[in-house]
Every structure is written in structure tokens, then in C-alpha cells.
4 protein chains.
Amino acid sequence: MSESVAQDQIQSYFARWQRLEDEKANIGEDLKELFKEAKGQGFDAKVLRKVFRDKIADHAELAEFEALYELYSTALGTPLARARDARDPANENFGTVPITGTVS
Amino acid sequence: MSESVAQDQIQSYFARWQRLEDEKANIGEDLKELFKEAKGQGFDAKVLRKVFRDKIADHAELAEFEALYELYSTALGTPLARARDARDPANENFGTVPITGTVS
Amino acid sequence: MSESVAQDQIQSYFARWQRLEDEKANIGEDLKELFKEAKGQGFDAKVLRKVFRDKIADHAELAEFEALYELYSTALGTPLARARDARDPANENFGTVPITGTVS
Amino acid sequence: MSESVAQDQIQSYFARWQRLEDEKANIGEDLKELFKEAKGQGFDAKVLRKVFRDKIADHAELAEFEALYELYSTALGTPLARARDARDPANENFGTVPITGTVS
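None of these values were measured; they are calculated from a predicted model.

### Comments concerning the overall build of chain A
- Looking only at helices and strands, one finds four helices and zero strands in chain A.
- In sequence order, chain A lays out its α and β elements as α-α-α-α.
- Going through the 104 residues of chain A one by one, you find that 38% of them count as buried.

If you want it as C-alpha cells, here you go:
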């Protein structure tokens, strides 16, 4: 190809790239704003993001991860595993999560 | 400072840096080897790494994360939350996750 | 806030988040496609991306980085510094880097 | 394998992992300290790190990257390409890099 063609091409690619990067940056700002708003209403942004990601993830895979996590962490004696099991099966009001006393 | 001093300094910093980077690379290899071995014995490396990280993390923080995670995912209707509740005999929505006693 | 309000809020945040993540994923695909096309026409995608990033970066900062880079790499005896100096006809150490006029 | 064997294994892997992660963290601290010292002596840590990395990188690859970078950035009209070419070939004192006036 001739040099002038390459120059046109590179400038065309750059224009496309810049537009896409601008849009990406705008979306990044919108996402930041979303979590800022949620935080302003009392949500924990980090947990919320993880819940959102897991919501659209492969749930069979997540359940498998979770099952192995419990198995390994119990074998290793991780307090978190015990914290999860501390949930009283009789408790049906989930708004009050009973993480009581057993985490050390 | 004179230029020759700067040259000695920069070469001395480089020698220190290179030694540290070599050590870091060796440790990286050892960690890779560790998880490869574990995988060879039937462990899931990704889950194992997360369990190890959580074991040395701040457990109060993890329990707080976990509690909020359950709260939000229940509000959002994430199946994973229900998967966890499958241990509750009253919950019949999700079946039973087979957390049996052996690895692999 | 009541629990049902929180549930509405979290589902509203999730809907917004999902839409934004979808748009972000589409842009990511468009960027991948752009560099794939450029590669198909003989461009090196990695170099192209760096040139594009530098084009919109702070040029005074880049020039400062470049000047210090040359200074340090010369002090350390990095061949690359000599490669750059190959354009200087007096420098015969490194041969001539073939920057000829056409791409590909 | 029996559960108790898995428990021993997981605890053994964890002990190895923890030791390696501790060493890695120490090296990370040493590297941080190195660049902090260099900064204290007037070096720009970011540039220094890049010079060190390039020193141990594949130099033929770097020279190829550099050649294409110049070609593309010239085609795109990036000021940095002009800044590099602004170097007066008659100037032989490299300690004073002449990045003068042409960056806009």
C-alpha cells in the first residue's frame, strides 16, 4: 500500500477508536455515578457490584464454587464457614441476618 | 550530583531491582507449582485460592460482606441466595446442593 | 427505609447497571473488531493502541517521560537508547533500524 | 481419598501458600523501598521502572516496536514523534536532552 493510504487508514482508525473510547469513558462515569447514588442511599457499593455480577453469571457454576468453598473452608477451619452455618434454620425473617458471636 | 555518580546509582538500583524481580518470579513459579499439584490431587485451584485468601483476611469484614451479600441477593432474587438456603429443610425451591464429605 | 422500598431500589439499580454493562461490552467488541481489522491490513495492533493512547495523552508529560527515559537508559547502557541514536549518522554502534516509508 | 486426608492436604497447601505469599509481600515491600529511595535521590520512579523492564526485555522486539511506533505516530501526526526528531544530530552531550519548543 502507498504511504498516503496508510496515513488515511491510520487516521480513520484513530477517529473510530477515539469515539469508542469516549463512549466507554462516559459509561464508566455513569457506572461510577450509579454506585455513588446507591452509596448515598446506604448501600455498600462493593457488595452491590458483586451481587450484580453474580446475578448475571452462570448460576450452576456459582453454586459449584460455593459448595467447594464451604467444603475447603470447613476443612481448613475458616471462621467464615462457621459464620454461615450459624444461621438458625428456624429464622425466616431474612432482613435480620444473624451473624452472631461465632466469628472469632 | 555529577553524571557519573548518577550512572553508578542507576546501575546499583538496577542490580537490586533485578535480584528482587528474580526472587519474585521464582515465588510466582512456586505458587503456580503449588496450585498445579493441588489440581493434580482433585482440588479446584480457583476455589482453593479464594479460601486461602479469606483465611488470612479480616474475618469481621468478610462476615459483614457476607451478611450484606445475602441481604442484597435475596432482595434481587439471585438464585445463589436460594442455593445457600437449600440447607434449610423448609426451603424446597432449589433442591439440595450436594456438599458431600469428600473432595473430588 | 422499609424492606420493600430497598427491594425496588436494588432492582432499579440492577436494571441500570445491566444496561450500562451491556453497552460497555458492545463497545469492547467494537474495539476488538477495530484492531482485528487493522491487523488484517498489516498494522501491529499493540503499537497502534499505544500510538492512539499517546495521541490523546498529555504531550508535555510524554516528552518529559521520553527525555528522562533516554537519560536513564543511556546511563544504564540499554541498547534501545542506542537504537534511537542510530538516526544520528555519527553513531555506528547499533546499525540502522529500517524505518522505511511503507506500512506492512 | 478420606476426608481427614483432604484436611491434612489442604492445611499443608495453606501453610506453603502462606509462606510464599509472605515472601512475596516482603519482596513487594523491598521494591517499594527501592523506588522510594531512588525518588529521594531525584529519580522519577515510573520512568526508572520502565527503563529497568526494557533493559531485561527482548531488545530486538523493543526496537521493532519503536520503529513501528515512529512510523505510525508520524502518519498520525503525533507531536511526540516530532519531539523525538527535534533532536539535533550535532548535539553530542546527551545529559541535556533538547526537547525544545516543538511539542505543542
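Past the structure itself, the notes keep going.
### Some thoughts on the interface of chain B and chain C
- Each partner contributes to the interface: chain B provides seven residues, whereas chain C provides seven residues.
- Summed over both partners, the interface of chain B with chain C comes to about 730 Å²; 77% of that surface belongs to carbon and sulfur atoms.
- On the chain B side of the contact with chain C, Ile10(B), Ala75(B) and Leu76(B) bury the most area, a combined 64% of that side's loss.
- Counting across the chain B and chain C interface gives zero salt bridges.
- Summed over the shared surface of chain B and chain C, the number is two residue pairs in polar contact (both at pLDDT 80 or more).
- Breaking the side of chain B that touches chain C down by element, the ones donating at least two residues are helix 1 (3-40) and helix 3 (59-76) of chain B.
- In terms of residue count, helix 1 of chain B provides more of the side of chain B that touches chain C than any other element does, four residues in total.
- Looking at side-chain class alone, the side of chain B that touches chain C contains five nonpolar, two polar and no charged residues.

### What to know about the relation of the copies chain B and chain C
- Between chain B and chain C, the superposition needs a rotation of 180° and an axial shift of 0.0 Å, giving an RMSD of 0.0 Å. Such a combination of turn and shift is consistent with a two-fold rotation axis.
- The residues that chain B uses at the interface reappear at the interface of chain C in 100% of cases, marking a shared surface.

### Considering helix 2 (residues 45-56) of chain C
All names here are of chain C.
- Compared with the 16 Å implied by 1.5 Å per residue over 12 residues, the 17 Å span of helix 2 between its first and last C-alpha is a close match.
- Regarding helix 2, the residues found buried are Ala45, Val47, Leu48, Val51, Phe52 and Asp54.
- By the N-cap criterion, in which a side-chain oxygen at the helix start approaches the backbone nitrogen of a residue two or three places on, helix 2 is capped by Asp44, the distance to Lys46 being 3.0 Å.

### Focus: the packing of helix 2 of chain C against helix 3 (residues 59-76) of chain D
- Close contact between helix 2 of chain C and helix 3 of chain D brings their axes to 9 Å; oriented N to C, the two are set at 50°. Accordingly, the angle class assigned to the pair helix 2 of chain C and helix 3 of chain D is oblique. Of the two possible hands of crossing, helix 2 of chain C and helix 3 of chain D adopt the one that is right-handed. Between helix 2 of chain C and helix 3 of chain D, the residues in contact are Lys46(C), Val47(C), Leu48(C), Lys50(C), Val51(C), Phe52(C), Asp54(C) and Lys55(C) and Phe65(D), Leu68(D), Tyr69(D), Tyr72(D), Ser73(D) and Leu76(D), respectively.
- Residues of the contact of helix 2 of chain C with helix 3 of chain D, tallied by class, amount to nine nonpolar, one polar and four charged.

### What to know about the environment of Ser73(A)
- Position of Ser73(A) relative to the elements: it lies in helix 3 (residues 59-76).
- A polar contact is formed between the side chain of Ser73(A) and the backbone oxygen of Tyr69(A), at a distance of 2.7 Å.

### Regarding the confidence of the model for chain A
Residue and element names in this part refer to chain A.
- Here chain A averages 79 in pLDDT, while 70% of its residues score no lower than 70.
- At the low end of the mean pLDDT range in chain A sits helix 4 (residues 79-85), at 49; at the high end sits helix 2 (residues 45-56), at 96.
- Per-residue pLDDT stays below 50 along residues 85-104; that stretch engages in 31 contacts with residues further than four places along the chain or on separate chains.
- Reported confidences for the modelled complex are a pTM of 0.74 and an ipTM of 0.73.

### Overview of the packing of aromatic side chains
- With the rule as written, the count across this model stands at 24 aromatic pairs over all chains.
- Seen from their ring centres, Phe35(D) and Phe52(D) are 6.3 Å apart, and the 40° between their planes marks the pair as tilted. On the criterion of sequence distance, the pair formed by Phe35(D) in helix 1 (residues 3-40) and Phe52(D) in helix 2 (residues 45-56) is long-range, its members being 17 residues apart.
- Residue class for Phe35(D) comes out buried when judged on its relative accessible area of 5%.
- The class for Phe52(D) is buried, based on a relative accessible area of 0%.
- Through pairs of rings, three or more aromatic residues link up here, namely Phe14(A), Trp17(A), Phe35(C) and Phe52(C).
- Above the face of the Phe35(A) ring, Arg49(A) is positioned so that its terminal group lies 4.2 Å from the ring centre.

### A look at a negative patch on the surface
- A cluster of acidic residues, Asp44(A), Asp58(B), Glu61(B) and Glu64(B), forms a negative patch at the surface.
- Mapped onto the secondary structure, Asp58(B) falls in the loop between helix 2 (45-56) and helix 3.

The rules behind each value
- Residues numbered from 1 in each chain as written.
- Chains lettered and ligands numbered in written order.
- Predicted model: local features only at pLDDT ≥ 70, side-chain atom pairs only at ≥ 80, totals over all residues.
- Heavy atoms only, no water.
- Helix = DSSP H or I, 4+ residues; strand = E, 2+ residues; numbered from the N terminus.
- Buried < 20%, exposed > 50% of the residue type's maximum accessible area, 1.4 Å probe, protein only.
- Contact = heavy atoms within 4.5 Å.
- Buried area = accessible area lost by both parts, 1.4 Å probe.
- Salt bridge = Lys/Arg side-chain N within 4 Å of Asp/Glu carboxyl O.
- Polar contact = N/O pair within 3.5 Å; in protein donor to acceptor, adjacent residues only side chain to side chain.
- Nonpolar A, V, L, I, M, F, W, Y, C, P; charged D, E, K, R; others polar.
- Least-squares fit on C-alpha atoms with pLDDT ≥ 70 in both.
- Expected span 1.5 Å × (residues − 1).
- Axes fitted to C-alpha atoms, helices over the stretch in contact; angles between N-to-C directions.
- Parallel < 35°, antiparallel > 145°, perpendicular 65-115°, else oblique.
- Left-handed = near helix turned anticlockwise from the far one by under 90°.
- pLDDT = per-residue confidence, 0-100.
- Phe/Tyr/Trp six-rings, centres within 6.5 Å; stacked < 30°, edge-to-face > 60°.
- Lys NZ or Arg CZ within 6 Å of the ring centre and 35° of its normal.
- Patch = residues over 30% accessible without salt bridge, like charges linked within 9 Å, V, L, I, M, F, W, Y side chains within 5 Å.
- Areas by Shrake-Rupley, 256 points an atom, 1.4 Å probe, with all protein chains shown as cover.
- Lys, Arg positive; Asp, Glu negative; His and termini not counted.
- Charge placed at Lys NZ, Arg CZ, Asp CG, Glu CD.

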